[in-house]
Amino acid sequence: MFSFDSNKKAHLLMVTWSILIASSFPAASLIVGKIDTTSITALRFIISSCLFFIFISISFKFKIKLPKIKDFICYSTLSACLVFYFWSLFKALETTTPLHTGILFTSVPLFTALISNQIFKVKISKHIKTALLLGAVGAIWAVLKGDIELLSAFSFNSGDQTFIFGCITFAFYGPFVNFSKKKGMLTASSAVITFCDNADW
């Protein structure tokens, strides 16, 4: 039997999340052109809302209450970040490639650091900045499979421009969650927050 401490679990979850994210780009490209961008985004949130509703209904013994006004504003803002990101992904793939979206997505950690520092005034240490830079370079290198020619051939098109804005809104999500929790605007569990983000009431 394998035993996992909190650090190992965190790394395992991160690897799993990375695999799911990486596979989302080619998977989304297979859907583009067959279903309207707005429709597929709406369907994604409807399905996820139903699944999360079942989960938190069982977990919290059906003690589900409608959010207060301040909570509704938070959930709507967070939901808007996710909705625009997924919409931008499907929209971008109409005119760009899964490779381009994969490369652009590696910018999310850097955008997250910039948003945290510039908007929410979170101090970013030099070590973290260095790690983010090295991580971005490593991610781009991995996506390009070490082929410099692919990097030199990379050029922005309308789909890339759309998706880069989606990456920025996605990067805003994490810092805003932390900010809202510190201000007491969000006090629910991660499961409930995620459900309300998807449901958007």
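Residues numbered from 1 in each chain as written. Predicted model: local features only at pLDDT ≥ 70, side-chain atom pairs only at ≥ 80, totals over all residues. Heavy atoms only, no water.

Undergrad: Looking at this model, I keep getting lost on the overall build of the chain. Mind explaining?
TA: A count of helices and strands for the chain gives 9 helices and 0 strands. Going from N to C terminus, the chain has its helices and strands arranged as α-α-α-α-α-α-α-α-α. Relative to the globule expectation of 17 Å for 201 residues, the C-alpha radius of gyration of the chain, 18 Å, shows essentially globular dimensions. Taking the principal axes of its C-alpha atoms as reference, the chain extends roughly 55 × 45 × 45 Å. Across the 201 residues that make up the chain, the buried fraction comes to 32%. Pairs at least 24 apart in sequence give 85% of the contacts found in the chain among residues at least 6 apart. Surface exposure of the chain reaches about 12800 Å², of which carbon and sulfur atoms provide 71%. (Helix = DSSP H or I, 4+ residues; strand = E, 2+ residues; numbered from the N terminus. Rg over C-alpha atoms; globule rule 2.2 N^0.38 Å. Buried < 20%, exposed > 50% of the residue type's maximum accessible area, 1.4 Å probe, protein only. Contact = heavy atoms within 4.5 Å. Areas by Shrake-Rupley, 256 points an atom, 1.4 Å probe, with all protein chains shown as cover.)

Undergrad: Teacher, can you tell me more about the packing of helix 4 (residues 98–105) against helix 8 (residues 158–182) here?
TA: Running from N to C, helix 4 and helix 8 cross one another at 35°; their axes reach a closest spacing of 10 Å. For the crossing formed where helix 4 meets helix 8, the hand is right-handed. Contacts between helix 4 and helix 8 involve H100, T101, L104 and F105 from the former and D160, F163, I164, C167 and F170 from the latter. Along the lines of polarity and charge, the residues of the contact of helix 4 with helix 8 split into 6 nonpolar, 2 polar and 1 charged. (Axes fitted to C-alpha atoms, helices over the stretch in contact; angles between N-to-C directions. Left-handed = near helix turned anticlockwise from the far one by under 90°. Nonpolar A, V, L, I, M, F, W, Y, C, P; charged D, E, K, R; others polar.)

Undergrad: What exactly am I supposed to notice about helix 5 (residues 108–118) here?
TA: Think of an α-helix as 3.6 residues a turn; residues three or four steps apart then line up on the same face. Within helix 5, burial applies to V108, A113, I115 and S116. Along the long axis of helix 5, the arc covered by the buried residues comes to 165°, so they all point the same way. In this structure, the buried side of helix 5 is in contact with helix 4, helix 6 (126–143) and helix 8. (Arc of directions from axis to C-beta.)

Undergrad: Mind showing me how you'd approach the confidence of the model for the chain here?
TA: The predicted coordinates should not be examined in detail at positions where pLDDT is low. A residue-level look at the chain finds 93% of positions with pLDDT of 70 or above and a mean pLDDT of 83. No element of the chain has a lower mean pLDDT than helix 7 (residues 148–152), which averages 74, and none a higher one than helix 8, which averages 93. (pLDDT = per-residue confidence, 0-100.)

Undergrad: Hey, could you run me through the environment of L89 in this one?
TA: Of note, L89 is situated in helix 3 (residues 69–92). A relative accessible area of 3% means that L89 is categorised as buried. Along the sequence, L89 and P67 sit 22 residues apart, while their C-alpha atoms lie 29 Å from each other. If we ignore the near neighbours within four places in the chain, the residues touching L89 are F25, A28, T101 and F163.

Undergrad: Looking at this structure, I do not really get the nonpolar core. What am I missing?
TA: Among the nonpolar cores identified, the biggest contains 37 residues, and F25, L78, Y85, F105, F163 and Y173 are the most heavily contacted of them. Taken together, the elements giving at least two residues each to this core come down to helix 1 (6–31), helix 2 (37–59), helix 3, helix 4, helix 5, helix 8 and helix 9 (190–199). It is helix 3 that contributes the most residues to this core, 10 residues altogether. Once you skip the residues sitting within four places of it in the chain, F25 turns out to touch Y85, L89, L93, P98, T101, G102, F105 and F163. (Core = buried A, V, L, I, M, F, W, Y, C linked by side-chain atoms within 4.5 Å.)

Undergrad: Is there a simple way to explain the packing of helix 5 against helix 6 in this structure?
TA: Pairs of packed helices are described in terms of their axes, by the angle between the two and the distance that separates them. Here helix 5 crosses helix 6 at 155°, and the two axes come no closer than 9 Å. Judged on the interaxial angle alone, helix 6 and helix 5 are roughly antiparallel. Contacts between helix 5 and helix 6 involve P109, L110 and A113 from the former and L132, L133 and A136 from the latter. Residues of the contact of helix 5 with helix 6, tallied by class, amount to 6 nonpolar, no polar and no charged. (Parallel < 35°, antiparallel > 145°, perpendicular 65-115°, else oblique.)

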